[in-house]
Amino acid sequence: MNEGTAPSASPSTPPKESPKGSKTNYLPPGFRNIVPYFLVNGAARFIDFLKAALGAEERLRIPLPGGSVMHAELRIGDSIVEVADANEKFAARPMTIHLYVKDADATYGKALQAGATSISKVEDMPWGDRQGAVRDPFGNVWNIGMPKGWDPGPDGPRSVQPFLHCYDARKVMAFAKAAFGAEAEGVAESPEGRVLHATVRINYATIEVDDAEGETQPMPGYFHVYFPDVDKAYAAALGAGASSVETPVDKDYGERAASVKDPFGNTWFLATYLGR
(Lines give C-alpha, C1' and ligand atoms only; values in the text may rest on other atoms or scores of the structure.)
Protein backbone atom coordinates (compact mmCIF):
# COMPACT_ATOMS: atom_id res chain seq x y z
CA MET A 1 0.00 0.00 0.00
CA ASN A 2 1.41 3.39 -0.94
CA GLU A 3 2.32 5.99 1.63
CA GLY A 4 -0.54 8.42 1.96
CA THR A 5 -3.08 5.67 1.44
CA ALA A 6 -6.26 6.07 3.46
CA PRO A 7 -8.07 3.22 5.15
CA SER A 8 -11.29 1.92 3.68
CA ALA A 9 -13.78 4.71 4.21
CA SER A 10 -16.87 2.73 5.09
CA PRO A 11 -16.22 -1.00 5.42
CA SER A 12 -18.79 -1.32 8.21
CA THR A 13 -21.65 0.21 6.24
CA PRO A 14 -24.63 -2.19 6.40
CA PRO A 15 -25.42 -4.09 3.18
CA LYS A 16 -27.78 -2.31 0.86
CA GLU A 17 -31.20 -3.71 0.15
CA SER A 18 -31.89 -5.58 -3.05
CA PRO A 19 -34.33 -4.09 -5.57
CA LYS A 20 -37.01 -6.43 -4.24
CA GLY A 21 -36.61 -4.94 -0.78
CA SER A 22 -35.21 -8.08 0.83
CA LYS A 23 -31.82 -7.49 2.38
CA THR A 24 -29.08 -9.46 0.61
CA ASN A 25 -31.34 -12.43 -0.14
CA TYR A 26 -29.04 -13.04 -3.10
CA LEU A 27 -26.10 -13.80 -0.77
CA PRO A 28 -25.20 -17.19 0.69
CA PRO A 29 -25.07 -17.30 4.50
CA GLY A 30 -21.84 -15.87 5.88
CA PHE A 31 -20.73 -14.01 2.74
CA ARG A 32 -20.15 -10.34 3.62
CA ASN A 33 -17.10 -9.46 1.52
CA ILE A 34 -16.13 -9.56 -2.13
CA VAL A 35 -14.36 -12.90 -2.07
CA PRO A 36 -10.83 -13.31 -3.43
CA TYR A 37 -10.61 -16.70 -5.13
CA PHE A 38 -7.09 -18.05 -4.77
CA LEU A 39 -6.10 -20.37 -7.61
CA VAL A 40 -2.75 -21.83 -6.56
CA ASN A 41 -0.45 -24.75 -7.24
CA GLY A 42 -0.75 -26.72 -4.03
CA ALA A 43 -4.11 -25.67 -2.58
CA ALA A 44 -3.89 -28.04 0.39
CA ARG A 45 -0.58 -26.47 1.47
CA PHE A 46 -2.01 -23.00 0.94
CA ILE A 47 -4.96 -23.85 3.19
CA ASP A 48 -2.51 -24.99 5.87
CA PHE A 49 -0.72 -21.64 5.55
CA LEU A 50 -3.95 -19.66 5.93
CA LYS A 51 -4.79 -21.59 9.08
CA ALA A 52 -1.35 -21.23 10.66
CA ALA A 53 -0.67 -17.64 9.64
CA LEU A 54 -4.07 -15.98 9.66
CA GLY A 55 -6.20 -18.17 11.90
CA ALA A 56 -8.45 -19.20 9.02
CA GLU A 57 -11.28 -21.62 9.75
CA GLU A 58 -12.11 -24.17 7.07
CA ARG A 59 -15.82 -24.20 6.13
CA LEU A 60 -15.80 -26.46 3.10
CA ARG A 61 -13.38 -28.57 1.08
CA ILE A 62 -14.21 -30.54 -2.07
CA PRO A 63 -11.25 -32.81 -2.90
CA LEU A 64 -10.40 -34.39 -6.22
CA PRO A 65 -8.77 -37.78 -6.78
CA GLY A 66 -5.06 -37.54 -6.12
CA GLY A 67 -5.37 -35.02 -3.32
CA SER A 68 -5.93 -31.79 -5.24
CA VAL A 69 -8.67 -29.37 -4.20
CA MET A 70 -11.56 -28.53 -6.54
CA HIS A 71 -12.99 -25.90 -4.17
CA ALA A 72 -12.60 -24.78 -0.58
CA GLU A 73 -14.02 -22.00 1.57
CA LEU A 74 -12.33 -20.55 4.63
CA ARG A 75 -13.36 -17.86 7.07
CA ILE A 76 -10.88 -15.20 8.13
CA GLY A 77 -12.40 -12.89 10.72
CA ASP A 78 -15.78 -11.80 9.34
CA SER A 79 -14.88 -12.63 5.74
CA ILE A 80 -14.66 -15.54 3.33
CA VAL A 81 -11.85 -16.55 0.98
CA GLU A 82 -12.03 -19.33 -1.60
CA VAL A 83 -9.25 -21.64 -2.70
CA ALA A 84 -8.70 -24.24 -5.42
CA ASP A 85 -5.87 -25.84 -7.31
CA ALA A 86 -5.05 -24.04 -10.54
CA ASN A 87 -5.84 -25.80 -13.80
CA GLU A 88 -5.58 -25.33 -17.56
CA LYS A 89 -8.59 -23.00 -17.66
CA PHE A 90 -7.73 -20.97 -14.56
CA ALA A 91 -4.00 -20.47 -14.02
CA ALA A 92 -2.33 -19.72 -10.70
CA ARG A 93 -2.45 -15.99 -10.04
CA PRO A 94 -1.13 -14.24 -6.92
CA MET A 95 -3.18 -11.32 -5.56
CA THR A 96 -2.92 -8.44 -3.11
CA ILE A 97 -5.20 -8.45 -0.06
CA HIS A 98 -5.87 -5.81 2.60
CA LEU A 99 -6.32 -7.77 5.82
CA TYR A 100 -7.67 -6.19 9.01
CA VAL A 101 -6.95 -8.04 12.25
CA LYS A 102 -7.18 -7.37 15.98
CA ASP A 103 -3.39 -7.43 16.45
CA ALA A 104 -1.29 -6.59 13.38
CA ASP A 105 2.01 -7.29 15.14
CA ALA A 106 0.94 -10.78 16.24
CA THR A 107 -0.51 -11.73 12.86
CA TYR A 108 2.56 -10.44 11.04
CA GLY A 109 4.74 -12.58 13.30
CA LYS A 110 2.60 -15.70 12.77
CA ALA A 111 2.71 -15.17 9.00
CA LEU A 112 6.51 -15.10 9.05
CA GLN A 113 6.60 -18.22 11.21
CA ALA A 114 4.30 -19.97 8.71
CA GLY A 115 6.66 -19.26 5.81
CA ALA A 116 5.83 -15.76 4.57
CA THR A 117 8.56 -13.22 3.85
CA SER A 118 8.50 -9.64 5.06
CA ILE A 119 7.82 -6.78 2.67
CA SER A 120 7.54 -4.11 5.36
CA LYS A 121 7.62 -4.30 9.14
CA VAL A 122 4.59 -3.33 11.20
CA GLU A 123 4.55 0.36 12.08
CA ASP A 124 2.12 3.23 12.61
CA MET A 125 1.01 4.68 9.28
CA PRO A 126 0.06 8.29 8.51
CA TRP A 127 -3.44 7.24 7.37
CA GLY A 128 -4.35 5.91 10.81
CA ASP A 129 -3.53 2.21 10.68
CA ARG A 130 -0.82 0.15 12.27
CA GLN A 131 0.31 -2.00 9.38
CA GLY A 132 2.93 -4.28 7.89
CA ALA A 133 3.07 -6.40 4.75
CA VAL A 134 4.18 -9.92 3.86
CA ARG A 135 4.38 -12.11 0.78
CA ASP A 136 3.17 -15.67 1.33
CA PRO A 137 4.91 -18.74 -0.16
CA PHE A 138 2.48 -18.67 -3.10
CA GLY A 139 3.23 -15.07 -4.08
CA ASN A 140 0.20 -13.33 -2.56
CA VAL A 141 0.76 -10.01 -0.81
CA TRP A 142 -1.02 -9.39 2.50
CA ASN A 143 -1.22 -5.85 3.88
CA ILE A 144 -1.86 -6.68 7.54
CA GLY A 145 -3.39 -3.77 9.43
CA MET A 146 -5.42 -2.69 12.41
CA PRO A 147 -7.26 0.61 12.92
CA LYS A 148 -5.40 2.88 15.30
CA GLY A 149 -6.12 6.49 14.47
CA TRP A 150 -9.66 6.24 13.12
CA ASP A 151 -12.98 4.82 14.20
CA PRO A 152 -14.20 1.93 12.02
CA GLY A 153 -17.57 1.76 13.75
CA PRO A 154 -19.01 -0.87 16.08
CA ASP A 155 -18.61 -3.73 13.61
CA GLY A 156 -15.05 -2.82 12.64
CA PRO A 157 -13.72 -2.94 9.07
CA ARG A 158 -14.18 -5.93 6.80
CA SER A 159 -11.43 -8.44 7.59
CA VAL A 160 -10.62 -9.19 3.93
CA GLN A 161 -10.70 -6.72 1.06
CA PRO A 162 -9.10 -7.36 -2.34
CA PHE A 163 -6.66 -4.62 -3.36
CA LEU A 164 -6.04 -3.83 -7.04
CA HIS A 165 -2.92 -1.95 -8.08
CA CYS A 166 -3.78 -0.55 -11.50
CA TYR A 167 -2.04 1.01 -14.47
CA ASP A 168 -4.98 3.43 -14.58
CA ALA A 169 -7.20 3.25 -11.51
CA ARG A 170 -9.73 5.66 -12.97
CA LYS A 171 -10.38 3.33 -15.90
CA VAL A 172 -10.80 0.40 -13.53
CA MET A 173 -13.28 2.41 -11.42
CA ALA A 174 -15.15 3.49 -14.57
CA PHE A 175 -15.42 -0.14 -15.67
CA ALA A 176 -16.65 -1.22 -12.23
CA LYS A 177 -19.30 1.51 -12.30
CA ALA A 178 -20.53 0.62 -15.80
CA ALA A 179 -20.38 -3.14 -15.27
CA PHE A 180 -21.42 -3.55 -11.64
CA GLY A 181 -22.97 -0.23 -10.60
CA ALA A 182 -19.97 0.39 -8.34
CA GLU A 183 -19.51 3.57 -6.34
CA ALA A 184 -16.09 5.05 -5.59
CA GLU A 185 -15.64 6.33 -2.04
CA GLY A 186 -12.83 8.30 -0.41
CA VAL A 187 -10.74 8.87 -3.54
CA ALA A 188 -7.34 10.27 -2.50
CA GLU A 189 -5.11 11.81 -5.16
CA SER A 190 -1.54 13.07 -5.33
CA PRO A 191 -0.91 16.65 -6.46
CA GLU A 192 -0.10 15.21 -9.89
CA GLY A 193 -3.48 13.47 -10.04
CA ARG A 194 -2.34 9.91 -9.34
CA VAL A 195 -4.90 7.83 -7.43
CA LEU A 196 -3.27 7.06 -4.07
CA HIS A 197 -6.25 5.10 -2.79
CA ALA A 198 -9.95 4.59 -3.40
CA THR A 199 -12.56 2.29 -1.94
CA VAL A 200 -14.95 0.88 -4.55
CA ARG A 201 -18.29 -0.43 -3.30
CA ILE A 202 -20.07 -3.12 -5.31
CA ASN A 203 -23.46 -3.84 -3.75
CA TYR A 204 -22.77 -5.10 -0.23
CA ALA A 205 -18.96 -4.91 0.00
CA THR A 206 -15.79 -3.25 -1.24
CA ILE A 207 -12.49 -3.58 -3.02
CA GLU A 208 -9.63 -1.10 -2.89
CA VAL A 209 -7.67 0.37 -5.80
CA ASP A 210 -4.72 2.65 -6.46
CA ASP A 211 -2.39 3.55 -9.29
CA ALA A 212 0.55 1.15 -9.39
CA GLU A 213 3.97 2.55 -8.62
CA GLY A 214 7.39 1.06 -7.94
CA GLU A 215 7.10 -2.43 -6.48
CA THR A 216 3.28 -2.31 -6.28
CA GLN A 217 2.60 -3.44 -9.83
CA PRO A 218 -0.73 -4.82 -11.12
CA MET A 219 -1.60 -8.34 -9.97
CA PRO A 220 -4.88 -9.27 -11.73
CA GLY A 221 -6.99 -11.56 -9.60
CA TYR A 222 -10.05 -13.77 -9.35
CA PHE A 223 -13.04 -12.33 -7.48
CA HIS A 224 -16.37 -13.86 -6.48
CA VAL A 225 -19.18 -11.32 -6.11
CA TYR A 226 -22.95 -11.71 -5.73
CA PHE A 227 -25.73 -9.77 -7.45
CA PRO A 228 -29.54 -9.70 -7.15
CA ASP A 229 -29.69 -10.56 -10.88
CA VAL A 230 -26.59 -12.30 -12.25
CA ASP A 231 -27.92 -12.25 -15.83
CA LYS A 232 -28.23 -8.48 -15.69
CA ALA A 233 -24.75 -8.11 -14.15
CA TYR A 234 -23.25 -10.42 -16.80
CA ALA A 235 -24.82 -8.44 -19.64
CA ALA A 236 -23.71 -5.13 -18.13
CA ALA A 237 -20.14 -6.41 -17.73
CA LEU A 238 -20.02 -7.43 -21.40
CA GLY A 239 -21.43 -4.05 -22.35
CA ALA A 240 -18.67 -2.36 -20.35
CA GLY A 241 -15.95 -4.21 -22.23
CA ALA A 242 -15.53 -7.54 -20.44
CA SER A 243 -15.26 -10.82 -22.31
CA SER A 244 -17.30 -13.90 -21.47
CA VAL A 245 -15.74 -16.85 -19.69
CA GLU A 246 -19.01 -18.64 -18.85
CA THR A 247 -22.58 -17.61 -19.65
CA PRO A 248 -25.15 -17.59 -16.80
CA VAL A 249 -26.30 -21.06 -15.78
CA ASP A 250 -27.99 -22.62 -12.76
CA LYS A 251 -25.53 -24.69 -10.73
CA ASP A 252 -26.36 -27.77 -8.71
CA TYR A 253 -24.89 -26.13 -5.59
CA GLY A 254 -27.71 -23.61 -5.44
CA GLU A 255 -26.45 -20.62 -7.38
CA ARG A 256 -26.95 -19.10 -10.80
CA ALA A 257 -23.45 -18.23 -11.92
CA ALA A 258 -21.45 -16.71 -14.75
CA SER A 259 -17.92 -15.43 -15.21
CA VAL A 260 -16.24 -12.67 -17.20
CA LYS A 261 -12.74 -11.31 -17.73
CA ASP A 262 -12.42 -7.54 -17.57
CA PRO A 263 -10.17 -5.43 -19.85
CA PHE A 264 -7.51 -5.34 -17.12
CA GLY A 265 -7.04 -9.09 -16.75
CA ASN A 266 -9.20 -9.70 -13.68
CA THR A 267 -11.67 -12.59 -13.72
CA TRP A 268 -15.01 -12.02 -12.00
CA PHE A 269 -17.14 -14.95 -10.88
CA LEU A 270 -20.66 -13.50 -10.78
CA ALA A 271 -23.46 -15.24 -8.92
CA THR A 272 -26.93 -15.04 -7.45
CA TYR A 273 -27.67 -17.30 -4.49
CA LEU A 274 -30.75 -19.43 -5.13
CA GLY A 275 -30.69 -21.42 -1.91
CA ARG A 276 -29.22 -24.82 -1.09
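Residues numbered from 1 in each chain as written. Predicted model: local features only at pLDDT ≥ 70, side-chain atom pairs only at ≥ 80, totals over all residues. Heavy atoms only, no water.

Caption draft 1: Up close: empty space enclosed by the protein. Applying the stated criterion across every chain yields a total of one cavity of 30 Å³ or more. Taken as a whole, the largest cavity encloses approximately 40 Å³ of empty space. If you trace the largest cavity, you find it lined by V172, F175, A176, V200, I207, V209, D262 and W268. Within the residue set of the lining of the largest cavity, elements represented by two or more residues are helix 3 (169-180) and strand 12 (205-211). Examining the composition of the lining of the largest cavity, we find that three residues originate from one element, helix 3, more than from any other. (1 Å grid on protein atoms, 1.4 Å probe; cavity = no way out; pocket = protein on both sides within 12 Å on 5 of 7 lines; lining within 4 Å. Points joined across faces, edges and corners; volume = space filled by probe spheres on them. Helix = DSSP H or I, 4+ residues; strand = E, 2+ residues; numbered from the N terminus.)

Caption draft 2: Quick peek at the sheet that holds strand 4 (residues 79-85). Judged by pairing direction, the sheet is mixed, and its eight strands sit side by side in the order 2-3-4-1-13-16-15-14 without closing on themselves. Strand pairing shows two members of the sheet lacking a second neighbour, strand 2 (57-63) and strand 14 (243-250), which therefore form its edges. Pairwise comparison of adjacent strand axes, ignoring direction, gives a mean angle of 20 degrees for this sheet. The pairing of strand 2 with strand 3 (residues 69-76) spans six bridges and is antiparallel. Pairing of E57 across the sheet is with R75, part of strand 3. (Pairing = 2+ DSSP bridges. Axes fitted to C-alpha atoms, helices over the stretch in contact; angles between N-to-C directions.)

Caption draft 3: Expanded view of the pattern of salt bridges. Scanning the model with the defined rule gives 13 salt bridges in all. A salt bridge links D78 to R32; the nearest nitrogen and oxygen atoms lie 2.6 Å apart. Of this pair, D78 sits in the loop between strand 3 and strand 4 while R32 is found in the segment before strand 1 (35-40), placing the two residues 46 residues apart along the sequence. Of the residues examined, D78 reaches a relative accessible area of 17% and is grouped as buried. Measuring nitrogen to oxygen at the nearest pair gives 2.9 Å for the salt bridge that ties K148 to D124. Of this pair, K148 sits in the loop between strand 8 (141-147) and strand 9 (160-166) while D124 sits in strand 6 (residues 117-124), and the two are 24 residues apart along the sequence. (Salt bridge = Lys/Arg side-chain N within 4 Å of Asp/Glu carboxyl O. Buried < 20%, exposed > 50% of the residue type's maximum accessible area, 1.4 Å probe, protein only.)

Caption draft 4: Highlighting the sheet that holds strand 7 (residues 129-135). An order of 6-7-8-5-9-12-11-10 is seen for the eight strands of this open sheet, with the pairing classed as mixed. In the strand order of this sheet, the two ends are held by strand 6 and strand 10 (183-189), each with one partner. Each adjacent strand pair in this sheet contributes to an overall mean axis angle of 20 degrees, direction not counted. Across the sheet, helix 2 (residues 104-113) is in contact with strand 5 (96-100), strand 6, strand 7 and strand 8; its angle to strand 6 comes to roughly 170 degrees. (Contact = heavy atoms within 4.5 Å.)

Caption draft 5: Representation of helix 3 within the structure. In a regular helix each residue adds 1.5 Å, so 12 residues correspond to 16 Å; helix 3 covers 16 Å between its end C-alpha atoms and thus fits that length. For helix 3, the set of buried residues is A169, V172, M173, F175, A176, A179 and F180. Looking straight down helix 3, one finds its buried side chains confined to an arc of 160 degrees; they lie on one side. Along helix 3, exposed side chains directed more than 90 degrees from the buried face belong to K171, K177 and A178. Contacts made by the buried residues of helix 3 are with strand 9, strand 10, strand 11 (195-202), strand 12, helix 4 (230-239) and strand 16 (267-273). (Expected span 1.5 Å × (residues − 1). Arc of directions from axis to C-beta.)

Caption draft 6: The arrangement of the packing of helix 3 against helix 4 in detail. For the pair helix 3 and helix 4, the least separation of the axes is 7 Å and the interaxial angle reads 140 degrees. Here helix 3 lies oblique to helix 4, going by the angle between them. Across the interface between the two elements, F175, A178, A179 and F180 of helix 3 pack against A233, A236 and A237 of helix 4. For the contact of helix 3 with helix 4, the residue count by class is seven nonpolar, no polar and no charged. (Parallel < 35°, antiparallel > 145°, perpendicular 65-115°, else oblique. Nonpolar A, V, L, I, M, F, W, Y, C, P; charged D, E, K, R; others polar.)

Caption draft 7: Layout of the packing of helix 1 (residues 43-54) against helix 2. Helix 2 packs onto helix 1 with a crossing angle of 145 degrees between their chain directions and a minimal axis gap of 7 Å. Residue-level inspection shows F49, A52, A53 and L54 of helix 1 in contact with helix 2, the latter providing T107, K110 and A111. When its residues are assigned to classes, the contact of helix 1 with helix 2 shows five nonpolar, one polar and one charged.

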